[in-house]
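Residue-level structural notes
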Amino acid sequence: MKAPPPQASHGGMQGCILVLGGARSGKSRFAEGLFSAWPTPWTYLATCQPHDGEMTARIATHRARRGKGWHTVEEPLDLPRALDAAATNPVLVDCLTLWLTNLMLAERDIGQVTRDLLSALGRRAGPTVLVSNEVGQGIVPDNALARRFRDEAGVLHQAIAREAARVVFVVAGLPMEMK
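Residues numbered from 1 in each chain as written. Predicted model: local features only at pLDDT ≥ 70, side-chain atom pairs only at ≥ 80, totals over all residues. Heavy atoms only, no water.

A short note on the overall build of the protein chain
Helix and strand content of the protein chain: six helices and seven strands. Scanning the protein chain from its N terminus toward the C terminus, one meets helices and strands in the order β-α-β-α-β-α-β-α-α-β-α-β-β. Taken against the 2.2 N^0.38 rule, which gives 16 Å for 179 residues, the C-alpha radius of gyration of the protein chain at 15 Å falls within 12% of a compact globule. Principal axes of the C-alpha set define a box for the protein chain whose edges measure 45 × 30 × 30 Å. Partitioning the contacts of the protein chain with sequence separation of at least 6, the portion at a separation of at least 24 is 77%. Carbon and sulfur atoms make up 57% of the accessible area of the protein chain, which totals about 9,200 Å². Looking at charge distribution, the protein chain has the averaged site of its 20 positive side-chain charges lying 6 Å from that of its 17 negative ones. (Helix = DSSP H or I, 4+ residues; strand = E, 2+ residues; numbered from the N terminus. Rg over C-alpha atoms; globule rule 2.2 N^0.38 Å. Contact = heavy atoms within 4.5 Å. Areas by Shrake-Rupley, 256 points an atom, 1.4 Å probe, with all protein chains shown as cover. Lys, Arg positive; Asp, Glu negative; His and termini not counted. Charge placed at Lys NZ, Arg CZ, Asp CG, Glu CD.)

This is how it looks when you write it as structure tokens:
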């Protein structure tokens, strides 16, 4: 079943779509497909930092797949500022779990930056799609940092899902509407 088109006229959290899924689930491709309902230019907020050759290749693959109409902004830490700067442009944030990793490694206050992100999403005048990895369905990690990451990701997802207009879970390339 094809997902209903997003509401193009809504901004703020009413224009927010959270797309969750596992690694290689098709969540980014699904999220990118939502943008055909909105006029260009589209802003792609990339949170990934290319620390090695494999990650650099992944970034290149994502860029090539997106094609024309996209303006890429690399922002590993300050998503609220980048969302404000995007003004009314439709925005795709890919991905929140990489952003969370960057924040944790930079020893930022995750509770505060989550509140800042929610405030920025509430101020948005254009539609926003947030992509994130669902990491809480596996085994309990064997180290404290991985457990903290899993827990922080779960809290972040819950906070956004409560306020977002739509939440979609993607498995094997198939979207399931959660909200």
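Focus on the pattern of salt bridges
Summed over all chains, the structure comprises eight salt bridges. The salt bridge involving R81 is made with E75; its shortest N-O contact spans 2.6 Å. Exposure remark for R81: the relative accessible area of 43% places this residue in the partly exposed category. Taking the relative accessible area as the measure of exposure, E75 reaches 11% and is therefore buried. Where R148 meets E152, a salt bridge forms, and the shortest distance between an N and an O atom there is 3.6 Å. Here R148 and its partner E152 are both found in helix α6 (residues 144–163), four residues apart, which amounts to about one turn of the helix. Beyond isolated ion pairs, a larger network of salt bridges with shared partners links E75, D78 and R81. (Salt bridge = Lys/Arg side-chain N within 4 Å of Asp/Glu carboxyl O. Buried < 20%, exposed > 50% of the residue type's maximum accessible area, 1.4 Å probe, protein only.)

As for the packing of aromatic side chains
The relative placement of two aromatic rings is captured by the distance of their centres and the angle of their planes. Tallied over the entire structure, the rule returns five aromatic pairs. Seen from their ring centres, Y44 and W70 are 6.0 Å apart, and the 85° between their planes marks the pair as edge-to-face. Here the residue Y44 occupies a position in strand β2 (residues 42–46), and W70 occupies one in strand β3 (residues 70–74), the gap between them amounting to 26 residues. Side by side, Y44 and W70 carry an identical accessibility label, which is buried. Ring pairs connect the aromatic residues F35, W38, W42, Y44 and W70, which therefore count as one cluster. (Phe/Tyr/Trp six-rings, centres within 6.5 Å; stacked < 30°, edge-to-face > 60°.)

Thoughts on the layout of surface pockets
Roughly 660 Å³ of internal volume is contained in the largest pocket. Around the largest pocket, the lining is made up of 24 residues, and of these R24, S28, R58, H62 and D94 lie nearest the centre. Contributions of two or more residues to the lining of the largest pocket are made by α1 (27–33), β2, α2 (53–66) and β3. Per-element accounting of the lining of the largest pocket gives the leading share, eight residues, to α2. Taken together, the residues that form the lining of the largest pocket break down as eight nonpolar, seven polar and nine charged. (1 Å grid on protein atoms, 1.4 Å probe; cavity = no way out; pocket = protein on both sides within 12 Å on 5 of 7 lines; lining within 4 Å. Points joined across faces, edges and corners; volume = space filled by probe spheres on them. Nonpolar A, V, L, I, M, F, W, Y, C, P; charged D, E, K, R; others polar.)

Side note on the nonpolar core
For soluble globular proteins, the rule of thumb is that nonpolar side chains tend to be buried together. One finds L83, V93, L96, W99, L117, L130 and I160 to be the most contacted residues of the largest nonpolar core, which totals 29 residues. Among the secondary structure elements, those contributing two or more residues to this core are β1 (16–21), α3 (79–85), β4 (91–94), α4 (96–105), α5 (110–123), α6 and β6 (166–171). In this structure W99 touches T47, P76, L77, D78, L79, V113, L117 and L156, once residues within four positions along its chain are discounted. F30, W70, L92 and V131 belong to the second-largest nonpolar core, a separate cluster that totals 17 residues. (Core = buried A, V, L, I, M, F, W, Y, C linked by side-chain atoms within 4.5 Å.)

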